[in-house]
Structure formats: C-alpha cells, structure tokens
Amino acid sequence: MGSSGEVAAAALLLLLLPWLLAMSPADGFYLPVSPRAISRSSSHWIDLGRRRFVSRFCLLLFELFYGSLGVVSSVEEDSSRNDDELQVKVNKLSSTKTQLPYDYYFLDYCKPPNIVNSAENLGEVLRGDRIENSVYAFKMGRDESCKVACRTKLTQQAVKKFKEKIDDEYRVNMILDNLPVAVPRQRRDGSDALSYEHGFAVGYKDKDDKYYIDNHLSFKVMYHEDQETEDARIVGFEVIPSSVKHKYSEWDDKNPKLSTCNAQITPGGQTPQEVAADAYIVFTYDVSFQPSDIKWASRWDTYLLMNDEQIHWFSIINSLVIVLFLSGMVAMIMLRTLYRDIANYNQLDNQDEAQEETGWKLVHGYSSSRLYKMFKGTEWKKITLKTAFMFPGIVFAIFFFLNALIWGEKSSGAVPFGTMFALVLLWFGISVPLVFLGSYLGFKKPAIEDPVKTNKIPRQIPEVGWYMHPAFSILIGGILPFGAVFIELFFILTSIWLNQFYYIFGFLFIVFIILLITCAEIAIVLCYFQLCSEDYHWWWRAYLTAGSSALYLFAYSAFYFFTKLDITKFVSGILYFGYMLIVSYAFFVLTGTIGFYACFWFVRKIYSSVKID
C-alpha cells in the first residue's frame, strides 16, 4: 500500500467492521437525551440490531467480494509455454513522502500506440491503482539483452516532473501475471534470505544536486515448470534498475544499435543518464528467465517474508498480561464482592432493612428504569434516519473533502465521479432500505421485562472523589484497551503509510479478540465502581470509557507522523490526519459499543440476582 487512495480503501474496509458489529450512536446512544425518539423497549432495539447485523453482513460480503480482488487481482493459475507472449502491465507511481499516487504515464515514459486501462474492480479504483498496458513484452523462456523500448526527448515540463518525482522519492510499480515487480535487497539481519522493495525508484539525485533517471531495467522472471505437462507458471518477478547514458552513432527507429549494449550493464558501471531539457533518453531493458522450485501456490511467500515475528509475539504477550490483570479484577468483583453483597442483601427480612444498605444496591431501580425509558420511544422513523445517515454520512463527508484535495493535486488516487456515484448508490440503494426494513421489523417485537422493580423518583447522587469524576475515569478507561493493541497498530500503520505488505492476520485476529475482552472488562470494572458510588448514569459513561481509547489511537497516529514519516507537503499531511480521523472515529464507535453492551449485560445480570418484591 502507501498511497492516499489505498488508505481510503483500507479506511472504508475498516469502517465496515464497527458498522457491522455495532450500531452507531444514532442507533440508541442518543437515548438519554431524547427518550421519546427511541424504540418502545430494549427488546425492540436488540432485535433491531440483530436484523441490521444480518443485512450489513450481506452487504459486507458483497463489498468484500467486489473490492478485495483489487489486492491480488487474480487467483487463477495462468500457465505458459515457451515463446508465449508475456505482457508487463504498469501501475501507479507511489511515494511514502507524499502519499499521492500518479498515473505511470504522468511522466514521459515509453507509451504503447494505444493505452488500455486494465483495472478490474472497484477495489483497485479506491486504492488509486491505474493498471495499464506497456511497451515491455517478453517471450516465455527467451532471454533478451539490452532491448530498446523507445527514445524520447525531454521537454522543460517533462524535466520538471521527473525532478519533482525524484525529490519526492517516487517508485514505479509494474505487474507481470498479477505479481508486482520488486527490487531484491539483502536482509538487515545478515541472513542469506532476501527481502524485497516494492517497485523501483524513478531516479536519484547525487551530492551535486544533479538528477539521474533509471532508464535501463534488468528483469528476472522466475518460473516453476510442470514436468508432466511442460507448462510453466510464473512465480517471481524481480528488477534491478540502472541509469545509463546510451551511446549510438546514428539513430534508427527500426533497428537501433547502441554501443553501450556491447558490454553487460550493471548498476553504477556506466555513465548515468542525467535529466536535462532537450536531452534524448533511450529506455532499454534486459530479461532473463530462471527456473525455480517455488510452487505457484507459494509464490507470494518471498514477498511476505516475516522479519519481526518476535515483536508480534511480544505484542500478544503484552496484550494477554493486560487481559489477565483485568480478568482478575472482574473475577474478584464477581466472585467475592458481588457474591457477598447479593447473599447479604437477599437475607434481609424486610424492605426497611434494605433501605439501610449502601452502594450499588440502592440504585437497583433507577438505572434499569432509565434503560427502559431509553428504549421507550415511538418515533422510529427519526432514529432510523439517524442510524442510516449519521455514521456513514460523517465518514462520507470527510472522505469527499479529502478526495477533493487529491483531485486538486491531479493525483490518480482521486476516486472518479462515477465510482463515487456507485458508492452513494450502494449506500442509498442497499444500506438505507435495509436499515428501514430492520427498524420496522424490530419495532414489532415484544419488550424484555426488567429484572427488578424500578423507582419512579430518582435518587440523589452523592458527591464522589476526584478519582471517580467522569472525565478522569473515562480517560483512564481508554488506556488499557489502547495498550493492548498499540504494538500491532505500529505494524498496521507501517503497512499503510510506508508501502509494506501486512499479511499476519493471525496475530491481528488474536489482538482483536484481546481488544474486545479488554474493552468489555474495563467497562464492567469502572461501571461497578460507579454504581457503588450510587451514580446510576452508567450508559454514556460505559460507552465513553471504552471509546476513549480512540483518543489515544489518534494521539499515537500523530506521534507516528512526526517520528516515522517523512511527509513534507501540506496536502499530504491533511490527508494523513483526515484518514486517521476516520479510522479513529470508527474505532471509537466499535470500542464504545463493546463497552456499552458489556455494561448492559453486567447491570442486568447483577440486578436479576437481587430478590425484591
């Protein structure tokens, strides 16, 4: 990844997760403000959420199926035989400094007679991919040396573009048989295994501030041959770029002869080609074919070689320690304190004695009453509109603003108008009708009975210490959930913003489960302390306690920006923080919903254990 378009796709996919697992604040968390705007009972709301879950799950499958093919465009084996034609496709120009992708032909590279766009799906467009044909064509199994692609004369405008892209460290991306071209590098740990950099540099600048272009490409195509059928399947695509100032006595377009091709071209072994106005640049390439023992199904393994497995295990252990700590606290509350309180409370002979108790038992009424009133609304159309439009609307507004900035930079990462219209059509044509259908069916269901009687007159909330102040407890509550994921978050940000593959989804799934458990447990612990102080306003507190971890996520993204990235353009900085704001908002909705549901279950559980007439 590594472009603003790719980040947009990643952000949109991430947004589907809380949208799928949780309802937005409009789904029910406006309830303390406007009880009449909510469904008539908690069962209505729960059933409503269940139906929305099903509808959104179907939509998620559709969007993932339609867009995920853009990550690896094809998973079908494509076999070749000797002398079969292999066509190299070109993709976008990408940079980790600007995060703004550009079309390959934005620069004056060799162009085929007819440029054909080969984008296959919505996912590629959202990521800013612009896959097109090129002049680079091979014959399967046939090595070629110093083949001329074209000769071009640089104008002043072309020189300016090349220099800008070299300054911004842009890299050229190509594709052969759906494998991205990569530059092999020695691993940092000194082992014999190679690591790979995505794409190759447009060029470089020397210490004298002179610019040079990589105009010669040495391709290596690895293939695995089936001994029975003699079919060959491509399993690797490497390139070593070089800058060469080609020499020739007289140029012949039909049969060009270069004196610099008489010797083998190696990086740094020839006079480099400077980027200068009115200079003629000859683009050439070599290709060699090498048999490999790597099978087609394992051809991505070399690209995804893990360099930091120990760090990921450390992340898991760090997260597990936090979970065990919180689990111990929850166990102490549930098995000791609550068990003792409930046992003593149920042994009381009369209601007068019960009134002398203190702590959470005195607010058995009121919090459940507020929860019941919370869902006792009749204006189901209003809350349905909030559900359908608030969360997606905020995300779409930010995304549209950022897309306008990308469009202003003339970047290929800008989502075209037609694709934007298709996204809006998916929203209004599928999501919104399903939300209304789920709301209608949900309001037809009967209500859930309260576990205990509720007091009609609310109790006065006593003064609490500074450590139980809402703002302090909310901020404290978000630290542990963030602490459980921040190490893995580093690798996710690196894969998005530094053009690296992220593929260790096993680790990610474990960390995600730990995050769910941590959010639930910290919300329950702080909810119990709040009820013990006879404060029955737990619903928003529970939501914000777990959701405040999004503040730490956004703060960490700012720290990452200033310490790990080399983004200098103002627009690129706006794009970074805009997309991270979307991600943080989605994270807030997800973790907040987990905290609310955990406390909702906890409150009903403990008060259902109290025997009272």
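Residues numbered from 1 in each chain as written. Predicted model: local features only at pLDDT ≥ 70, side-chain atom pairs only at ≥ 80, totals over all residues. Heavy atoms only, no water.

Caption draft 1: Structural context of the confidence of the model for the chain. Chain-level pLDDT for the chain is 75 on average; 70% of the residues reach the 70-or-more range. Considering only residues more than four positions removed or in separate chains, one finds that residues 1-75, a stretch of pLDDT under 50, has 208 contacts. In the predicted structure, residues 349-356 sits below a pLDDT of 50 and forms 7 contacts with residues beyond four places in sequence or in another chain. (pLDDT = per-residue confidence, 0-100. Contact = heavy atoms within 4.5 Å.)

Caption draft 2: Examining the nonpolar core more closely. Ranked by internal contacts, the top residues of the largest apolar core, which has 117 residues, are Tyr-109, Phe-138, Met-174, Phe-219 and Phe-237. At 21 residues, the largest contribution of residues to this core is made by helix H15 (residues 570-608). The contacts of Phe-138, once residues within four sequence positions are left out, are Asp-84, Glu-85, Leu-86, Val-88, Leu-176, Phe-219, Val-221, Phe-237, Tyr-285, Val-287 and Phe-289. (Core = buried A, V, L, I, M, F, W, Y, C linked by side-chain atoms within 4.5 Å. Buried < 20%, exposed > 50% of the residue type's maximum accessible area, 1.4 Å probe, protein only. Helix = DSSP H or I, 4+ residues; strand = E, 2+ residues; numbered from the N terminus.)

Caption draft 3: Spatial organisation of helix H14 (residues 549-564). For H14, with 16 residues, the first-to-last C-alpha span of 22 Å sits near the 22 Å given by 1.5 Å per residue. In this structure, the buried residues of H14 make contact with helix H11 (479-497), helix H13 (539-547) and H15. (Expected span 1.5 Å × (residues − 1).)

Caption draft 4: Examining the environment of Ser-218 more closely. Here Ser-218 lies in strand E12 (residues 216-225). In sequence terms Ser-218 and Ser-242 are 24 residues apart; their C-alpha atoms lie 8.0 Å from each other. Those residues within four positions of Ser-218 in sequence are excluded, and the remaining contacts are Glu-238, Val-239, Ile-240 and Asp-286. Only 3.5 Å separates the side chain of Ser-218 from the side chain of Asp-286, close enough to count as a polar contact. (Polar contact = N/O pair within 3.5 Å; in protein donor to acceptor, adjacent residues only side chain to side chain.)

Caption draft 5: Layout of the pattern of salt bridges. Going through the model one piece at a time under the given rule, you end up with 7 salt bridges. The salt bridge partner of Lys-147 is Glu-144, with a shortest N-O separation of 3.6 Å. For Glu-144, a relative accessible area of 22% gives the class partly exposed. As a salt-bridge pair, Asp-177 and Arg-299 come within 3.0 Å of each other at their nearest N and O atoms. Of this pair, Asp-177 sits in the loop between strand E5 (171-176) and strand E6 (179-180) while Arg-299 sits in the loop between strand E14 (280-291) and helix H5 (309-346); the two residues are 122 residues apart in sequence, bridging distant segments of the chain. Residues participating in the shared-partner salt-bridge network are Arg-171, Arg-185 and Glu-197. (Salt bridge = Lys/Arg side-chain N within 4 Å of Asp/Glu carboxyl O.)

Caption draft 6: Expanded view of empty space enclosed by the protein. What the rule picks out here adds up to 2 cavities of 30 Å³ or more. Of the pockets and cavities examined, the second largest cavity occupies roughly 40 Å³. Lining the second largest cavity, in full, are Tyr-104, Tyr-109, Tyr-136, Phe-200, Asp-214, Asn-215, Leu-217 and Phe-283. The class makeup of the residues in the lining of the second largest cavity is 6 nonpolar, 1 polar and 1 charged. (1 Å grid on protein atoms, 1.4 Å probe; cavity = no way out; pocket = protein on both sides within 12 Å on 5 of 7 lines; lining within 4 Å. Points joined across faces, edges and corners; volume = space filled by probe spheres on them. Nonpolar A, V, L, I, M, F, W, Y, C, P; charged D, E, K, R; others polar.)

Caption draft 7: Structural detail: the environment of His-198. Among the structural elements, His-198 can be located in strand E8 (residues 194-198). The exposure class of His-198 is buried, given its relative accessible area of 14%. Separated by 14 residues in sequence, His-198 and Pro-184 place their C-alpha atoms 9.2 Å apart.

Caption draft 8: A look at the packing of aromatic side chains. Throughout the structure, instances matching the rule amount to 40 aromatic pairs. With a centroid separation of 5.8 Å and an interplanar angle of 70°, the aromatic rings of Tyr-109 and Phe-283 are classed as edge-to-face. Here Phe-283 lies in strand E14 and Tyr-109 lies in the loop between strand E2 (85-94) and helix H3 (122-126), a separation of 174 residues in the sequence. Assigned by exposure class, Tyr-109 and Phe-283 land together as buried. (Phe/Tyr/Trp six-rings, centres within 6.5 Å; stacked < 30°, edge-to-face > 60°.)

Caption draft 9: Inspection of the packing of helix H12 (residues 505-532) against H15 at higher detail. One can describe the packing of H12 onto H15 by two numbers: an axis separation of 8 Å at closest approach and a directional angle of 50°. Our classification of the angle between H12 and H15 gives oblique. Between H12 and H15 lies a crossing of right-handed hand. Residues Phe-512, Leu-515, Leu-516, Cys-519, Ala-520, Ala-523, Ile-524, Cys-527, Tyr-528 and Leu-531 of H12 form the contact with H15, whose own contacting residues are Phe-587, Leu-590, Thr-591, Ile-594, Gly-595, Ala-598, Cys-599, Trp-601, Phe-602, Val-603, Ile-606 and Tyr-607. Its residues assigned to classes, the contact of H12 with H15 comprises 20 nonpolar, 2 polar and no charged. (Axes fitted to C-alpha atoms, helices over the stretch in contact; angles between N-to-C directions. Parallel < 35°, antiparallel > 145°, perpendicular 65-115°, else oblique. Left-handed = near helix turned anticlockwise from the far one by under 90°.)

Caption draft 10: Summary view of the state of the cysteines. As enumerated under the stated definition, the model contains 1 disulfide in all. One disulfide bridge connects Cys-110 with Cys-150, the sulfur atoms lying 1.8 Å from each other. Its torsion about the S-S bond being -80°, the disulfide of Cys-110 and Cys-150 is classed as left-handed. In this pair, Cys-110 sits in the loop between E2 and H3 while Cys-150 sits in strand E4 (residues 144-153), placing the two residues 40 residues apart along the sequence. (Disulfide = S-S within 2.5 Å.)

Caption draft 11: How the structure looks around the UniProt feature "transmembrane region" (unreviewed entry) in the chain. Look at the UniProt record and you will see "transmembrane region" (unreviewed entry) annotated at residues 313-335, 383-408, 420-443, 464-497, 503-529, 541-562 and 574-603. Spanning residues 464-497, this segment combines 79% helix with 0% strand, and its end C-alpha atoms are found 45 Å apart. Within the segment residues 541-562, helix and strand shares are 95% and 0% respectively, and the terminal C-alpha atoms sit 32 Å apart. (UniProt positions renumbered as here; feature names shortened; annotations may be inferred.)

Caption draft 12: Structural view of the pairing of E12. Within E12, 7 of the 10 residues are buried, which leaves it mostly tucked inside the rest of the structure. Of the pairings in the sheet, the one linking E12 to strand E13 (residues 232-242) comprises 10 bridges and is antiparallel in character. Among the inter-strand pairings, Ser-218 is bridged to a residue of E13, identified as Ile-240. Linkage of E12 to E13, two consecutive antiparallel strands, is achieved through a turn of 6 residues, within which Glu-230 is found at a positive phi near 65°. (Pairing = 2+ DSSP bridges.)

Caption draft 13: Just the side chain of Arg-299, in detail. On the basis of relative accessible area, Arg-299 is assigned to the buried category, the value being 2%. At 3.0 Å, the side chain of Arg-299 and the side chain of Asp-177 are in polar contact. Once residues lying within four places of it in the same chain are set aside, the contact partners of Arg-299 are Asp-177, Asn-178, Leu-179, Ile-234, Val-235 and Ile-294.

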